[in-house]
Amino acid sequence: MNNPILLNNLRNVPDFPVPGIQFKDVTTLFKNAECMRVMLDELYELYKDKGITKVVGIESRGFVMGAALAVRLGAGFVMCRKPGKLPADTIRETYMKEYGKDTIEIHSDAIAPDDVVLLHDDLLATGGSMKAALNLVNKFKPAKVYVNFLIELTIEGLNGRKVFPRGTDITTLMRI
Ligand code: AMP
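Residues numbered from 1 in each chain as written. Predicted model: local features only at pLDDT ≥ 70, side-chain atom pairs only at ≥ 80, totals over all residues. Heavy atoms only, no water.

## A look at the site of the ligand
What counts here: Here, proximity means that at least one heavy atom of the residue falls within 4 Å of the molecule or strand. Polar contact criterion, stated in full: a pair of N or O atoms within 3.5 Å, where within protein one must be able to donate a hydrogen and the other to accept it, and residues adjacent in sequence count only if both atoms are side-chain atoms. Shrake-Rupley sampling with a 1.4 Å probe provides the accessible areas, and residues are treated as covered by the protein chains on show and by no other component. Note on definitions: the grid is 1 Å and covers protein atoms alone; a cavity is a set of points where a 1.4 Å probe fits but cannot get out; a pocket is an open set with protein on both sides within 12 Å along at least five of seven lines; lining residues have an atom within 4 Å of a point. The way we define it, a molecule is inside a pocket or cavity when more than half of its atoms are within 2 Å of that pocket's grid points. Elements are defined by DSSP. Helices are runs of H or I of four residues or more, strands are runs of E of two residues or more, and each kind is numbered from the N terminus. Residues are sorted three ways: Asp, Glu, Lys and Arg are charged, Ala, Val, Leu, Ile, Met, Phe, Trp, Tyr, Cys and Pro are nonpolar, and all the rest, Gly among them, are polar.
Lining the immediate environment of the ligand, one finds 13 residues, of which Arg61, Asp122, Thr126, Gly127 and Ser129 sit closest. Note that an oxygen atom of the ligand is positioned 2.9 Å from one of the backbone N or O atoms of alanine 125. Interatomic distance of 3.4 Å between a backbone N/O atom of glycine 128 and an oxygen atom of the ligand. For the ligand, whose unbound accessible area comes to 490 Å², protein coverage reaches 81%. Here the ligand is seated within the largest pocket. For the shell around the ligand, the secondary structure elements donating two or more residues are strand 2 (22-25), strand 7 (116-124) and helix 5 (128-138). Of the residues contributing to the shell around the ligand, the split by class is four nonpolar, five polar and four charged.

## Notes on the packing of aromatic side chains
Short version of the rule: Each Phe, Tyr or Trp ring (for Trp, its six-membered ring) is paired with any other whose centre lies within 6.5 Å, and the angle between the two planes then decides the class: stacked below 30 degrees, edge-to-face above 60, tilted in between. Burial classes: relative accessible area under 20% of the type maximum marks a residue as buried, over 50% as exposed, and values in between as partly exposed (1.4 Å probe, protein chains only). Put simply, a charge is over a ring when the Lys NZ or the Arg CZ is close to the ring centre, within 6 Å, and near the line of the ring normal, within 35 degrees.
All told, the structure shown has three aromatic pairs when counted by the stated rule. On the numbers, 5.9 Å between centres and 70° between planes, the contact of tyrosine 47 with tyrosine 146 is edge-to-face. You can see tyrosine 47 sitting in helix 3 (residues 33-47) and its partner tyrosine 146 sitting in strand 8 (residues 144-152), a full 99 residues away along the chain. Here tyrosine 47 falls in the buried class, since its relative accessible area comes to 1%. Given the relative accessible area of 9%, tyrosine 146 is considered buried. Between the NZ or CZ atom of arginine 72 and the centre of the ring of tyrosine 44, over which it lies, the distance is 4.7 Å.

## Quick look at the pattern of salt bridges
Condition: Any Lys or Arg side-chain nitrogen found within 4 Å of a carboxyl oxygen on Asp or Glu counts as a salt bridge.
Going through the model one piece at a time under the given rule, you end up with 13 salt bridges. Where glutamate 59 meets arginine 81, a salt bridge forms, and the shortest distance between an N and an O atom there is 3.0 Å. With glutamate 59 in the loop between strand 3 (54-58) and helix 4 (62-73) and arginine 81 in the loop between strand 4 (76-80) and strand 5 (90-96), the pair connects residues that are 22 residues apart, well separated along the chain. One salt-bridge network, in which partners are shared between bridges, spans Glu34, Arg37, Asp41 and Arg72.

## What about the layout of surface pockets?
If you roll a probe as big as a water molecule over the atoms, it shows you where there is empty space left. Here is the rule we go by: Grid points are joined across faces, edges and corners, and a volume is the space filled by probe spheres set on the points.
Its boundaries defined by the atoms lining it, the largest pocket holds a volume of some 1400 Å³. Along the wall of the largest pocket there are 40 residues; nearest its centre are Arg61, Lys97, Leu123, Ala125 and Ser129. Broken down by secondary-structure element, the contributors of at least two residues to the lining of the largest pocket are strand 2, strand 5, strand 6 (101-107), strand 7 and helix 5. Of the residues in the lining of the largest pocket, the class split is 19 nonpolar, nine polar and twelve charged.

## Quick look at the pairing of strand 8
Rules: Should DSSP find at least two bridges between two strands, the strands are regarded as paired. A clockwise path from the first strand over the helix to the second, with the strands pointing away from the viewer, defines a right-handed crossover.
Of all nine residues that make up strand 8, eight are buried, and the element is covered over most of its length. Bridging between strand 7 and strand 8 involves eight bridges; their strand directions are parallel. By the bridge assignment for strand 8, aspartate 121 is matched with phenylalanine 149. Taken together, strand 7, helix 5 and strand 8 constitute a β-α-β crossover, and its handedness is right-handed. Of the strand pairs in this sheet, strand 8 and strand 9 (residues 169-175) are connected by six bridges, and their pairing is parallel. Within strand 9, the position partnered with isoleucine 151 by the bridge is methionine 174.

Structure representation (structure tokens):
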């Protein structure tokens, strides 16, 4: 947790995409080979004994470590995408954002009832997008669902964890 090499390489971009937002830019972690190794090692240690059979990554920054971790765990990888991107039959979930609504989709044959699923994204802010992804994944009634983020924002009183049902198994590599 809060490995200095990750904290030191994470770029903060003030006022992106709108004034007042401190954007945590994970591209500076992804371009650094040592940071990639550290993140993958830490994720693997957290989930190596959980019997994960599917890692679900949320578009698009959740695809990077999600896919790498799936390979390391010997699990499959599933994409949770913005509407209209997935080619076959999908199920979708619409959720409220600060301004307006957003929707995410997953292929309707992506997960089986005997799957142990790890949902992964880069960052937890309000938790709205991951909660929608969790709702989607739960529709498949998988054996177990875990949730992981690289970064958990704790600044400005954000407490994204509170939107998840009690007992949801959530881990993060950095809390900032
Ligand atoms: P939320 O649904 O509010 O938890 O927002 C999480 C999603 O929005 C993640 O996919 C993040 O990539 C992105 N996001 C929200 N706030 C930030 C931020 N301050 N810095 C970087 N990404 C953010």
